[in-house]
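Residue strings, one per chain:
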Amino acid sequence: RLVHEQASYKHFLFHGETSKMATFRWSPFPRPQTFAEWNRPGVCGLDNSGNSCYLNVVLQCLCSTVPLVEHLLNQDTLFVRLLEEMWLGRSSSCAPLEARSVLSSILPQFNNYCQQDAQELLLFLLNTLHDDLKKVQQHTLLRKNEGCASIKQNRNCAADFTIVSHLFEGQLSYKTLCMHCDHQAHSKQAFTVLSLPIPTDIIKCSIQDCLSLFFEQTILTGGEQMLCSVCGLRRETVVLTSLDKPPEILLLHLKRWGETKHNLLRTNVGFSMKLDLTPFLSSSAQNASYSSFHLYAVVVSKREIH
Ligand SMILES: [Zn+2]
């Protein structure tokens, strides 16, 4: 597990500090200790063909996610051959040609040599992987339950849950309060990535500041007012967001773009190797399995603005 962290850390060192977008992924694994462990299976560079660095960095992150790799090596998926190549330790680099070719065939917008958004790609890959694994699981369940009356029920409960949702999916809790009648309502929403706002009025902040801004109490007014089920009208509403279920592996995305394409937020966002999410947990999640995270991969996209 140390080796994988180093692979990602190495990548971060390659890409420098200013960025249009950065995705931080924290996991409850320990950080690397020495440089002596770099020459190990799993620490493998990916050749850049054209502008494929956005693809390579995302593949590096996914291939450095140990529980995901451990699971996928037993499956028949797109990543297996690439993973095997990276993990056999035969060479210091390899070309992810097959991954790129499959990606291009499924999603035409990636079928060129232009730079793409690494965060969009990461979400697309996780969704695709989740859907593929669901199909495999449904097929297995169908074969197992042939002739059984509860096939449909089994499909619904077991096959929708994959290693992707198990590792990356968390849950947010929303509490809303009507400012007219004080009616309270609760709702929950699953997430894979938290897209964090960046404070605009300062030069430097921390990732905790971005999280505090994300979870701070907000009042919805004007066109954003919510429909109150008691008043029967749209009312000004207070919204409290908290973390109901932290995922095992947390993906954070910094929203560096403002309202327009030319409005890039250059605020320096600092972060340490450890992240404590306890201040943002909901009351029911205080004993959550994962509330403290170790950073093991960073994607920094350094794109010129035209
Ligand atoms: Zn109301």
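Residues numbered from 1 in each chain as written. Predicted model: local features only at pLDDT ≥ 70, side-chain atom pairs only at ≥ 80, totals over all residues. Heavy atoms only, no water.

As annotated in an unreviewed UniProt entry, the protein carries the name ubiquitinyl hydrolase 1 and comes from Amphiprion percula. Quoted straight from UniProt, the Catalytic activity (unreviewed entry) entry for the protein says "Thiol-dependent hydrolysis of ester, thioester, amide, peptide and isopeptide bonds formed by the C-terminal Gly of ubiquitin (a 76-residue protein attached to proteins as an intracellular targeting signal)." (UniProt positions renumbered as here; feature names shortened; annotations may be inferred.)

1. A short note on the pairing of strand E4 (residues 170–178)
Taken together, the eight bridges between E4 and strand E5 (residues 184–191) define a ladder with antiparallel strand orientation. Residue pairing for E5: glutamine 171 is matched across the bridge by alanine 190. Hairpin geometry of E4 and E5 is characterised by an intervening segment of five residues between the two adjacent antiparallel strands and by a positive phi of about 65 degrees at aspartate 182. Across eight bridges, E4 lies against strand E11 (residues 237–245) in antiparallel orientation. Bridge pairing in E11 links serine 173 to serine 242. (Pairing = 2+ DSSP bridges. Helix = DSSP H or I, 4+ residues; strand = E, 2+ residues; numbered from the N terminus.)

2. Digging into the coordination of the zinc ion
Around the zinc ion, the protein supplies Cys178 (SG), Cys181 (SG), Cys228 (SG) and Cys231 (SG) as donor atoms, at distances of 2.2 to 2.3 Å. For the zinc ion, the four donor atoms in the first shell make angles of 106 to 114 degrees at the metal, a pattern classed as tetrahedral. (Donors = N, O, S within 2.8 Å, 3.2 Å for Na, K, Ca; no water. Tetrahedral: all angles 85-135°; square planar, octahedral: opposite > 155°, others 65-115°.)

3. Overview of the nonpolar core
As a rule of thumb, nonpolar side chains are buried together in soluble globular proteins. One finds Val58, Leu68, Val164 and Phe168 to be the most contacted residues of the largest nonpolar core, which totals 30 residues. Going through the elements one at a time, helix H2 (53–63), helix H3 (66–72), helix H6 (118–144), helix H8 (163–168) and strand E15 (292–301) are the ones with two or more residues in this core. When residues of this core are assigned to their parent elements, the largest contribution, eight residues, is made by H6. (Core = buried A, V, L, I, M, F, W, Y, C linked by side-chain atoms within 4.5 Å. Buried < 20%, exposed > 50% of the residue type's maximum accessible area, 1.4 Å probe, protein only.)

4. Thoughts on the sheet that holds strand E8 (residues 218–220)
Sheet strands associate in pairs through backbone hydrogen bonding, adopting either a parallel or an antiparallel arrangement. With respect to topology, four strands assemble into an open sheet ordered E5-E4-E11-E8, the strand pairing being antiparallel. Whereas interior strands pair on both sides, the edge strands pair on one side only; in this sheet they are E5 and E8. Across the sheet, the axes of successive neighbouring strands diverge by a mean angle of 30 degrees, strand direction being ignored. The strands touched by helix H9 (residues 207–215) within the sheet are E4 and E11, with E11 carrying the most contacts at an inclination of about 125 degrees. (Axes fitted to C-alpha atoms, helices over the stretch in contact; angles between N-to-C directions. Contact = heavy atoms within 4.5 Å.)

5. Some details on the environment of arginine 235
Among the secondary structure elements, arginine 235 is positioned in strand E10 (residues 234–235). Given the relative accessible area of 21%, arginine 235 is considered partly exposed. A sequence separation of 58 residues divides arginine 235 from leucine 177, and the C-alpha atoms of the two residues are 9.6 Å apart. If we skip the residues at most four places from it in the chain, arginine 235 touches Cys178, His180, Leu220, Gln225, Met226 and Cys228. Within polar-contact distance, the side chain of arginine 235 engages the side chain of histidine 180 at 3.4 Å. (Polar contact = N/O pair within 3.5 Å; in protein donor to acceptor, adjacent residues only side chain to side chain.)

6. Considering the pattern of salt bridges
Tallied over the entire structure, the rule returns one salt bridge. Across the pair lysine 188 and aspartate 244 runs a salt bridge whose closest N-O atoms are separated by 2.8 Å. Here aspartate 244 lies in strand E11 and lysine 188 lies in strand E5, a separation of 56 residues in the sequence. Overall, aspartate 244 belongs to the buried group, its relative accessible area being 13%. (Salt bridge = Lys/Arg side-chain N within 4 Å of Asp/Glu carboxyl O.)

7. Things to note about the confidence of the model for the protein
Should pLDDT be low for a region, the predicted coordinates there are not to be read in detail. Confidence along the protein averages 75 in pLDDT terms, with 63% of residues attaining 70 or more. Below a pLDDT of 50 lies the segment residues 1–23, which in the model reaches 82 contacts outside its immediate sequence neighbourhood of four places, other chains included. The model gives residues 29–38 a pLDDT under 50, and that stretch makes 24 contacts with residues more than four places away or in other chains. (pLDDT = per-residue confidence, 0-100.)

8. Here's the deal with H9
By the burial criterion, the buried members of H9 are Ile207, Cys210, Leu211 and Phe215. Seen along its axis, H9 keeps its buried residues to an arc of 125 degrees; they face one direction. (Arc of directions from axis to C-beta.)

9. Points about the pairing of E15
For E15, a buried count of nine out of ten residues is recorded, marking the element as mostly surrounded by other parts of the structure. Judged from the three bridges that link them, strand E14 (residues 274–276) and E15 form a sheet pairing that is antiparallel. Within E15, the position partnered with aspartate 276 by the bridge is serine 292.

10. Some thoughts on unusual backbone geometry
In this structure, aspartate 182 is a non-glycine residue whose phi angle is positive, near 65 degrees. In this structure, aspartate 182 sits in the loop between E4 and E5.

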